[in-house]
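Geometric and topological summary
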Amino acid sequence: MTTRLVIPVQHRLDAVVTVPGSKSIANRALVCAALAGGESTLSNLPDGDDTEAMLECLAALGIGVTRGGPANVRVGGTAGRLGAEPTVLPARLAGTTSRFVTAVAALGSAACTIDGEPPLRRRPMGPLHDALAALGASVSAPEPGRLPVTITGPVRGGSVELAGDVSSQFVTALMLIGPYVPGGLHITLTSALVSRPYLEMTRVVMGQFGHTAVAIDDAHI
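These remarks concern the structure in this document. (Residues numbered from 1 in each chain as written. Predicted model: local features only at pLDDT ≥ 70, side-chain atom pairs only at ≥ 80, totals over all residues. Heavy atoms only, no water.)

Regarding the pairing of strand S7 (residues 149-152)
Of the two faces of S7, only the one carrying Val 149 and Ile 151 is buried; Thr 150 and Thr 152 on the other face are not. Sheet topology note: the strand S5 (residues 112-115)/S7 ladder contains 3 bridges and is antiparallel. In the strand pairing of S7, Thr 113 is matched with Thr 150. As judged from the 3 bridges shared by strand S6 (residues 138-140) and S7, these two strands associate in the antiparallel manner. Bridge assignment links Val 139 to a residue of S7, and that residue is Ile 151. (Buried < 20%, exposed > 50% of the residue type's maximum accessible area, 1.4 Å probe, protein only. Helix = DSSP H or I, 4+ residues; strand = E, 2+ residues; numbered from the N terminus. Pairing = 2+ DSSP bridges.)

Below you can see the structure in the form of structure tokens.
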């Protein structure tokens with residue numbers, strides 16, 4: 001049963017309300033900031049597990065992350081050049097984080113192991129792992145298509161195929177690293193595109209970091 005409390009208002013309301021940040025936008029922006037050149041300041045970050053896991057993974061990759069308050073962070077960009085030290089990226093329970101940082105790890109030459117809590121280990125990752133392998137990354141997992149997975153790059157540019165009717169996070173992960181892959185990436189969708197709004201969100205966030213040439217249609221990205 002839902003209880004509803006109605007409070008009569010005698011006067012016109014005049015207030016400023018801060019809306020919590022979106023975890024979907026935040027994780028895209030954090031990856032873009034980490035791969036961009038120079039330092040970026042992000043504000044109004046949500047405090048959920050996805051965001052915290054992303055910040056922890058970026059720090060593990062050697063990316064400078066400085067908190068300026070409970071919802072603000074400064075990120076030192078790498079211009080897409082990651083460190084050469086092997087590391088473990090703890091994605092906790094965050095599916096978005098695990099998929100995005102898997103692609104980010106493929107930009108570097110160090111062996112990065114992406115892992116998470118048991119429920120995350122049961123979630124499918126195969127389409128992304130296969131796409132990264134097709135682009136030249138070394139992909140090693142005790143159970144193919146699941147976490148933990150060890151990724152060793154760097155990936156090469158060119159074309160790759162990916163189903164459009166699986167999680168949009170796989171496509172987004174490749175979109176986010178595309179500008180930093182030599183020659184760029186061209187993604188061919190082998191099935192009907194679903195969750196297009198999430199890909200449009202990715203395109204808009206990337207555009208805010210200067211990547212304005214990203215194009216999405218029903219068959220190609």
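Details of the side chain of Asp 115
Among the secondary structure elements, Asp 115 is positioned in strand S5. At 2.7 Å, the side chain of Asp 115 forms a polar contact with the side chain of Arg 121. When sequence neighbours within four positions are dropped, the list of residues in contact with Asp 115 reads Leu 89, Pro 90, Ala 91, Arg 92, Arg 121, Leu 147 and Pro 148. (Polar contact = N/O pair within 3.5 Å; in protein donor to acceptor, adjacent residues only side chain to side chain. Contact = heavy atoms within 4.5 Å.)

Thoughts on the sheet that holds S5
If you trace the 4 strands from one edge of the open sheet to the other, you get S4-S5-S7-S6, paired in mixed fashion. In the strand order of this sheet, the two ends are held by strand S4 (87-90) and S6, each with one partner. Strand-to-strand twist of the sheet, defined as the mean angle between neighbouring strand axes without regard to direction, takes the value 20°. (Axes fitted to C-alpha atoms, helices over the stretch in contact; angles between N-to-C directions.)

Section: the layout of surface pockets
Considering only enclosed or pocket space, the largest pocket measures out at about 260 Å³ in volume. As for the largest pocket, its lining consists of 14 residues, and the residues nearest its centre are Gly 178, Pro 179, Leu 185, Ala 213 and Val 214. Those elements that provide at least two residues to the lining of the largest pocket are helix H6 (168-177) and strand S9 (185-189). In terms of residue class, the lining of the largest pocket is made up of 10 nonpolar, 4 polar and no charged. (1 Å grid on protein atoms, 1.4 Å probe; cavity = no way out; pocket = protein on both sides within 12 Å on 5 of 7 lines; lining within 4 Å. Points joined across faces, edges and corners; volume = space filled by probe spheres on them. Nonpolar A, V, L, I, M, F, W, Y, C, P; charged D, E, K, R; others polar.)

Overview of the environment of Asn 44
Tracing the sequence through the fold places Asn 44 in the loop between strand S1 (39-42) and helix H2 (49-60). Between the alpha carbons of Asn 44 and Leu 174 there is a distance of 26 Å; along the sequence they are 130 residues apart. Residue contacts for Asn 44: discarding those within four places in its chain leaves Thr 18, Val 19, Pro 20, Gly 21, Ala 71 and Asn 72.

What about the pattern of salt bridges?
Within this structure, the stated rule accounts for 10 salt bridges. Where Glu 52 meets Arg 67, a salt bridge forms, and the shortest distance between an N and an O atom there is 2.6 Å. Of this pair, Glu 52 sits in helix H2 while Arg 67 sits in strand S2 (residues 65-69), and the two are 15 residues apart along the sequence. Judged by relative accessible area, Glu 52 falls into the partly exposed class, the value being 22%. Put simply, Arg 203 and Glu 200 hold a salt bridge, and the shortest N to O gap is 2.8 Å. Here Glu 200 and Arg 203 lie together in helix H7 (residues 196-208), a separation of 3 residues that amounts to about one turn. What makes Arg 203 partly exposed here is its relative accessible area of 32%. (Salt bridge = Lys/Arg side-chain N within 4 Å of Asp/Glu carboxyl O.)

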